[in-house]
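For reference, the chains in residue letters:
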Amino acid sequence: LELSSFQLMTMERSPHIAVTTNLAPNHLDVHRDFAEYITAKENIFTHQSAQDIAVFNADNELTLAASNASNAALLLMELRNKALDVYNELMRVSL
């Protein structure tokens with residue numbers, strides 16, 4: 001399920017697994033500014049706990065920076081050499 005930033009603005013719960021693929025200046029006609037847009041997008045993982053999983057795109061600098069605010073178990077994904085690498089401190093998987 002994909003949720004747009006304006007749908008995330010009022011979330012009061014986060015899913016058990018949340019994926020943030022990219023942060024880019026989109027939907028600025030809906031948001032006051034880019035900072036509000038980022039806050040809305042971050043809301044998908046704001047209410048997660050250590051028992052949840054947050055997946056972030058490490059290829060996008062803004063998304064990677066947002067991962068620092070997550071309380072969930074963190075998984076980073078990046079696309080290198082046309083292979084998808086997903087990793088955290090304990091595992092590295094290439095698909």
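Here, every reference points to the structure presented above.
To start, this report covers the structure provided alongside it. Predicted model only: the values in this text are computed from it and were never measured. (Residues numbered from 1 in each chain as written. Predicted model: local features only at pLDDT ≥ 70, side-chain atom pairs only at ≥ 80, totals over all residues. Heavy atoms only, no water.)

Observations concerning the environment of Ser-4
Here Ser-4 shows up in the segment before helix H1 (5-8). A relative accessible area of 15% means that Ser-4 is categorised as buried. Residues Ser-4 and Lys-41, spaced 37 residues apart in sequence, show a C-alpha to C-alpha distance of 7.8 Å. (Helix = DSSP H or I, 4+ residues; strand = E, 2+ residues; numbered from the N terminus. Buried < 20%, exposed > 50% of the residue type's maximum accessible area, 1.4 Å probe, protein only.)

Topic: the packing of aromatic side chains
The tally for this structure, following the rule as stated, stands at 2 aromatic pairs. Ring geometry for Phe-45 versus Phe-56: centroids 5.0 Å apart, planes at 80°, classification edge-to-face. Of this pair, Phe-45 sits in helix H2 (residues 34-46) while Phe-56 sits in strand E2 (residues 53-57), and the two are 11 residues apart along the sequence. (Phe/Tyr/Trp six-rings, centres within 6.5 Å; stacked < 30°, edge-to-face > 60°.)

A look at the pairing of strand E1 (residues 17-20)
Look at any regular strand and the pattern is simple: side chains alternate between the two faces of the sheet. Residues of E1 alternate between two faces, with Ala-18 and Thr-20 buried on one and Ile-17 and Val-19 left unburied on the opposite face. In this structure, E1 lies alongside E2, joined through 4 bridges in parallel fashion. Paired with Thr-20 across the two strands is Phe-56, which belongs to E2. Once you follow E1 into H2 and on to E2, the crossover reads as right-handed. (Pairing = 2+ DSSP bridges. Right-handed = clockwise from strand over helix to strand, strands pointing away.)

A short note on H2
Structural remark: α-helix, 3.6 residues per turn; residues separated by three or four positions point the same way. For H2, with 13 residues, the first-to-last C-alpha span of 18 Å sits near the 18 Å given by 1.5 Å per residue. Along H2, the positions that sit buried rather than exposed are Glu-36, Tyr-37, Ile-38, Ala-40, Lys-41, Asn-43, Ile-44 and Phe-45. The N-cap of H2, judged by a side-chain oxygen 3.2 Å from the amide nitrogen of Ala-35 a few residues on, is Asp-33. (Expected span 1.5 Å × (residues − 1). Polar contact = N/O pair within 3.5 Å; in protein donor to acceptor, adjacent residues only side chain to side chain.)

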